[in-house]
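# Observations on chain architecture
The residues making up each chain are set out below.
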Amino acid sequence: MGKQKLQPGEHGEIFLQETAPNTWRGRTRLCLWDNSEVWVSRNGSTSDAARLKVQKGVLERLTAARGSDDLKPTSKVGLACRQWIEEMRERSSWPKPPILAQSVDEYERVIGNHVVPQLGQRRLNELTPALCQKFLDSLLKQGKSGKNNMVTTTRQARNVVNQVLDRAVVHDALRDNPMRKTIAPSKVKPVPKAITALEIGRLRRIVRSWEASREGKLGPKPTGHLRVAVDVMLGAGLRIGEVMALRWGEVNLSPDGLPTLAVEATMTDIKGQGVVRQGKPKTEAGMRTIILPPFAVDALNSIRPAVTSAEMAVFQGRLFKDGRNAGRPVSTHNLRRMLRTALELADMKGAVHPHLLRSTVATQVARKMRTADAAALLGHAIDAGITGRYYIERLRLAPDTSAVLQAMVEAGDAEAAREAAENDEAAAGAPTRAVAALR
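Residues numbered from 1 in each chain as written. Predicted model: local features only at pLDDT ≥ 70, side-chain atom pairs only at ≥ 80, totals over all residues. Heavy atoms only, no water.

### Re the sheet that holds strand S3 (residues 37–44)
Strand order in the open sheet formed by 3 strands is S1-S2-S3, and the pairing between neighbours is antiparallel. A strand with exactly one partner marks an edge of an open sheet, and here the two such strands are strand S1 (15–20) and S3. Averaged over all adjacent pairs, the angle separating strand axes in this sheet is 25 degrees, with direction ignored. (Pairing = 2+ DSSP bridges. Helix = DSSP H or I, 4+ residues; strand = E, 2+ residues; numbered from the N terminus. Axes fitted to C-alpha atoms, helices over the stretch in contact; angles between N-to-C directions.)

### Things to note about the side chain of Gln 406
On the secondary structure map, Gln 406 appears in helix H14 (residues 402–438). Only 2.9 Å separates the side chain of Gln 406 from the side chain of Glu 410, close enough to count as a polar contact. Sequence-distant contacts of Gln 406, defined by excluding residues within four places in its chain, comprise Pro 293, Pro 294 and Phe 295. (Polar contact = N/O pair within 3.5 Å; in protein donor to acceptor, adjacent residues only side chain to side chain. Contact = heavy atoms within 4.5 Å.)

### Remarks on the pairing of strand S5 (residues 260–263)
Along S5, one buried face is formed by Thr 260 and Ala 262 and the opposite face, lined by Leu 261 and Val 263, is buried too. With 2 bridges joining them, strand S4 (residues 251–252) and S5 adopt antiparallel strand pairing. Residue pairing across strands places Asn 252 opposite Thr 260, the latter belonging to S5. (Buried < 20%, exposed > 50% of the residue type's maximum accessible area, 1.4 Å probe, protein only.)

### Side note on the pairing of strand S2 (residues 23–31)
Inspection of the sheet shows S1 paired to S2 by 5 bridges, in the antiparallel sense. When the bridges of S2 are listed, Glu 18 appears paired with Trp 24. Taking the residues between adjacent antiparallel strands as the criterion, S1 and S2 are bridged by 2 residues, where Asn 22 takes a positive phi near 60 degrees. Looking at chain direction, S2 and S3 are connected through 8 bridges and run antiparallel. Counterpart to Trp 24 in the pairing with S3 is Gly 44. Following S2, the chain reverses through 5 residues before pairing antiparallel with S3; Asn 35 in that reversal takes a positive phi of roughly 80 degrees.

### Focus on the pattern of salt bridges
Inspection of every chain in the model, using the stated rule, returns 21 salt bridges. Notably, a salt bridge pairs Glu 250 with Arg 277, separated by 2.7 Å at the nearest N-O pair. Within this pair, whereas Glu 250 is found in the loop between helix H8 (240–244) and S4, its partner Arg 277 is found in strand S7 (residues 274–278), the two being separated by 27 residues in sequence. Given the relative accessible area of 26%, Arg 277 is considered partly exposed. Shared partners join several salt bridges into a network, and the residues in it are Arg 89, Asp 105, Glu 108 and Lys 271. (Salt bridge = Lys/Arg side-chain N within 4 Å of Asp/Glu carboxyl O.)

### Considerations on the packing of aromatic side chains
The full count for this structure, using the stated rule, is 1 aromatic pair. Note on Trp 84 and Tyr 107: the rings are 5.5 Å apart at their centroids and 50 degrees apart in plane angle, and the pair reads as tilted. Pair noted here: Trp 84 is in helix H2 (residues 77–91) and Tyr 107 is in helix H3 (residues 101–119), with a separation of 23 residues, a long-range link. Residue Trp 84 shares its accessibility class with Tyr 107, and that shared class is buried. When the ring centre of Trp 210 is taken as reference, the NZ or CZ atom of Arg 214 above it lies at 4.5 Å. (Phe/Tyr/Trp six-rings, centres within 6.5 Å; stacked < 30°, edge-to-face > 60°. Lys NZ or Arg CZ within 6 Å of the ring centre and 35° of its normal.)

In structure tokens form, the structure reads like this:
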């Protein structure tokens, strides 16, 4: 009689044999899911124990991960991470990418700094929920004695490893993702901050004084980019990358209608490419047109060339003598450096940064108008449920906040001018008081 033909997932008769006193051996043929056959053998102290162990062994073989051509259960976590990063980088170049290149860069940084040093040499089939939780706990412990509490980094690491192990499940290198059974620290809710009207006035005076102080000195001539960029951020609530990505074709300063600028791109730093202009904002909701207040219009007009083209950068970098850098906008790094330099010379190091201007604009608009108006100005999505997602055409024109922001800047200028006058008066009166004291 020939062997029984087994179907995938089936096993044959379990053969039992006593091989020694109190030792029984059980064996059976098993047809795996790919139609190949293997023998499953187990030992037990009794025939029943051996039979049960064989049955358990059959189940383990049928449910065990087998892997793919690219990834096996015995592959190391470091290899799984590298393959995942390569896939994400390829997908970031799709026409409508599911992930941005700068996000891939951030994931790669987290993997290189935290995941690979601790888990890189582990094999996928060695990972357990307990081991994954120990990894997260160790990251949190690193931050307890330092300035950084590592909460954000730990959450990022958990997210990255989750995605890496989900891919391993797709490749049948794992049957379950152990990271999904871990607990991550709760997200730290940021406390929004805004600067006062007086501080706005001081900032505008400082950047103008800094640029004026560079007139007539050796080196590149002042461009006015810093003061104009600060005014555009204050007048439109833009991210620094959105400001630096502006082109003259996106700016309408015509006196015949409402002065506007359209946010259609952002500057971003991509590994291997440097700072590049990304042809869309950070989010889809970021595509918007903003009505500009007069002070921002004046600032942009002050640097507008006599002849412009639609593709010309508003904040165009300096040309080298050999023609290099033609048409390239000023990088966000350079603008941040200029702002730090101006603040340091005014003994205000670290007092203001570009994102603080954005939160200041949002705070002012929300107080004078509505929170929804602030969200629309900043390019944040406003969730209106099913109706908003499917039935209402998106309004690309942000609400008119120009009057509110113009009043904010004018109040700041007035307070800063009053403070400067008082300081000048105090300085002028000091010698008179000194002479009177000598008498």
